[in-house]
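Now for the letters of each chain:
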Number of protein chains: 2
Amino acid sequence: MDRKDDAGLKKAGLKVTLPRLKILQILESRPEERQHMSAEDVYRALLEAGDDVGLATVYRVLTQFEQAGLVERHNFEGGHSVFELVRGEHHDHMVCVESGRVIEFFDPEIERLQRVIAERHGFSIVGHSMVLYVKPRPVPD
Amino acid sequence: MDRKDDAGLKKAGLKVTLPRLKILQILESRPEERQHMSAEDVYRALLEAGDDVGLATVYRVLTQFEQAGLVERHNFEGGHSVFELVRGEHHDHMVCVESGRVIEFFDPEIERLQRVIAERHGFSIVGHSMVLYVKPRPVPD
DNA sequence: CTAATTGCAAAAGCTTTGCAGCGCA
DNA sequence: TGCGCTGCAAAGCTTTTGCAATTAG
């Protein structure tokens, strides 16, 4: 398992250091519904795991991971950024305003329409962010 | 014209004060492509207009306007918030990564798909943000 | 060995808040 | 007149940076 992490880091041109490995493992060990962590979240997770890594290093490493394409940074509402391991193809997010839960989804038709719209205005898409803020729908019984 | 602004403020339960009127007018006087202003932008526009309003007041007023539904706050990438006068129906945004220009658009089909997706997951949409980051498409000559 | 990396603390934005004085209704 | 509003300066947050010490390759 460390093998895989080593490879990922090296491919990104990053030295394999303890803080970087630990942070990668924290992210990997998270279940999908808890994937979205702030720098502070990662920092606390490290402390809880007994690994003493400075908060500044957490920020630096997450930023490096982002540039290396290992991680995505999102700016949901509320001031701070959240990070998410890139595990496969692109997806968008739904955030429950009551529980804070984050659900991922992907809709090819929306993706297509986005490209069409950008083209219609003479642009091509470099990236996009789409976040739906939702609340549980009362289930009719 | 002040009449209209007065009414808007009163309806929002806000006293009609000079700073609030001035800020409202700054926003109203902006062409559509320049609608998206940071608090700092608004602050500078006020100074340039010779109106001495504190930055803290700008923040307070914009926040009040947001809560009153007169203004929308967006968190585009890059740390700070931008504010936009609510002039009518909802729309989404396209931000040119080269020029910083913001283009507004609306696509009923995307809106519909968003609702369908939320429902499929047992939620209803409270709000959403969709930002396409784009670059000019080389025009074939 | 040498350059990259880390930790700490300090600094840097952006935004909010406390408080005394001013102004609208 | 009275409560709400404003300005200023100070505090709060998240994030970044400078620098000496440490570590990977």
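Residues numbered from 1 in each chain as written. Chains lettered and ligands numbered in written order. Predicted model: local features only at pLDDT ≥ 70, side-chain atom pairs only at ≥ 80, totals over all residues. Heavy atoms only, no water.

Caption draft 1: Broad picture of the overall build of chain A. Across its full length, chain A carries five helices and five strands. Overall size of chain A, expressed as C-alpha extent along the three principal axes, is 45 × 45 × 30 Å. Classification of the 141 residues of chain A by burial places 40% in the buried group. Intrachain contacts of chain A at a sequence separation of at least 6 include 43% that bridge at least 24 residues. Surface summary for chain A: the accessible area is close to 8000 Å², and the carbon and sulfur share equals 50%. Side-chain charges of chain A comprise 19 positive and 24 negative groups, with the mean position of each set lying 4 Å from the other. (Helix = DSSP H or I, 4+ residues; strand = E, 2+ residues; numbered from the N terminus. Buried < 20%, exposed > 50% of the residue type's maximum accessible area, 1.4 Å probe, protein only. Contact = heavy atoms within 4.5 Å. Areas by Shrake-Rupley, 256 points an atom, 1.4 Å probe, with all protein chains shown as cover. Lys, Arg positive; Asp, Glu negative; His and termini not counted. Charge placed at Lys NZ, Arg CZ, Asp CG, Glu CD.)

Caption draft 2: Expanded view of the pattern of salt bridges. Enumeration over the complete set of coordinates arrives at 14 salt bridges over all chains. A salt bridge links E104 of chain B to R87 of chain B, with the shortest nitrogen-to-oxygen separation between them at 3.0 Å. Separated by 17 residues along the polypeptide, E104 of chain B in strand β4 (residues 102-105) and R87 of chain B in the loop between β2 (82-85) and β3 (92-96) bring together distant segments of the chain. Residue E104 of chain B is classed as buried on the basis of its relative accessible area, which comes to 17%. The structure contains a network of salt bridges with shared partners spanning E32, E84, R87 and E104 of chain A. (Salt bridge = Lys/Arg side-chain N within 4 Å of Asp/Glu carboxyl O.)

Caption draft 3: Spotlight on the sheet that holds β4 of chain B. Taking strand neighbours across the sheet as the criterion, the six strands line up as β4(A)-β3(A)-β5(A)-β5(B)-β3(B)-β4(B) in an open arrangement whose pairing is mixed. Two strands lie at the open edges of the sheet, namely β4 (102-105) of chain A together with β4 of chain B, each paired on one side alone. Taken pair by pair, the neighbouring strands of this sheet meet at an average axis angle of 20°, ignoring direction. Contacts from helix α5 (residues 108-120) of chain B reach β3 (92-96), β4 and β5 (123-136) of chain A together with β3 and β5 (123-136) of chain B within the one sheet, and its direction differs from that of β5 of chain B by about 135°. (Pairing = 2+ DSSP bridges. Axes fitted to C-alpha atoms, helices over the stretch in contact; angles between N-to-C directions.)

Caption draft 4: View of the protein's contact with DNA strand C. Taken together, 17 residues lie near DNA strand C, and T17, R20, T57 and R60 of chain A together with Y59 of chain B sit nearest. Contributions of two or more residues to the surface near DNA strand C are made by α2 (18-28) and α4 (55-68) of chain A together with α4 (55-67) of chain B. Broken down by class, the residue content of the surface near DNA strand C amounts to six nonpolar, five polar and six charged. (Near = heavy atom within 4 Å. Nonpolar A, V, L, I, M, F, W, Y, C, P; charged D, E, K, R; others polar.)

Caption draft 5: Geometry of the protein's contact with DNA strand D. In the neighbourhood of DNA strand D, 18 residues make up the surrounding shell, with Y59 and S81 of chain A together with R20, T57 and R60 of chain B lying closest. For DNA strand D, the fraction of protein-proximal atoms (within 4 Å) that sit in sugar or phosphate groups is 69%. Within the side chain of Y59 of chain A, an N or O atom sits 2.4 Å from a phosphate oxygen of DNA strand D. In this structure, a phosphate oxygen belonging to DNA strand D sits 2.9 Å away from a main-chain N or O atom of D52 of chain B. Broken down by secondary-structure element, the contributors of at least two residues to the surface near DNA strand D are α4 of chain A together with α2 (18-28) and α4 of chain B. Considering every element that reaches the surface near DNA strand D, the biggest residue donor is α4 of chain A, with four residues. (Polar contact = N/O pair within 3.5 Å; in protein donor to acceptor, adjacent residues only side chain to side chain.)

Caption draft 6: Quick look at the interface of chain A and chain B. Of the residues lining the interface, 34 residues belong to chain A; the matching set on chain B comes to 34 residues. Taking both partners together, chain A and chain B bury about 3100 Å²; carbon and sulfur atoms supply 65% of that area. For the chain A face of the interface with chain B, the top three residues by lost area are I117, F123 and R137 of chain A, together amounting to 20%. Along the contact surface separating chain A from chain B lie zero salt bridges. (Buried area = accessible area lost by both parts, 1.4 Å probe.)

Caption draft 7: Inspection of the environment of R20 of chain A at higher detail. Residues and elements named next belong to chain A. Relative to the helices and strands, R20 is located in helix α2. R20 sits 16 residues away from K4 along the chain, and the two C-alpha atoms are 13 Å apart. Those residues in contact with R20 that lie beyond four places of it in its chain are L9, L14, K15, V61, Q64 and F65. Of note is the side chain of R20, whose polar atom sits 3.0 Å from the backbone oxygen of K15.

Caption draft 8: Representation of the packing of helix α3 (residues 39-48) of chain B against α4 of chain B. Residues and elements named next belong to chain B. Two elements in contact, α3 and α4, have axes whose closest approach is 9 Å; the angle formed by their N-to-C orientations is 120°. Looking at the two axes, α3 sits oblique to α4. Crossing angle aside, the handedness with which α3 passes α4 is right-handed. Of α4, the residues touching α3 (which contributes A39, E40, V42, Y43 and L46) are L55, V58, Y59 and L62. Partitioned by chemical class, the residues of the contact of α3 with α4 number eight nonpolar, no polar and one charged. (Parallel < 35°, antiparallel > 145°, perpendicular 65-115°, else oblique. Left-handed = near helix turned anticlockwise from the far one by under 90°.)

Caption draft 9: The packing of α2 of chain A against α4 of chain A, seen in detail. Residues and elements named next belong to chain A. Where α2 contacts α4, the axes come no closer than 10 Å and their chain directions differ by 70°. In this view, α2 runs roughly perpendicular relative to α4, as classed from their interaxial angle. Along the contact surface, α2 presents P19, R20, I23, L24 and L27, while α4 presents T57, V58, V61, L62, Q64 and F65. Classifying every residue of the contact of α2 with α4 by side-chain character gives eight nonpolar, two polar and one charged.

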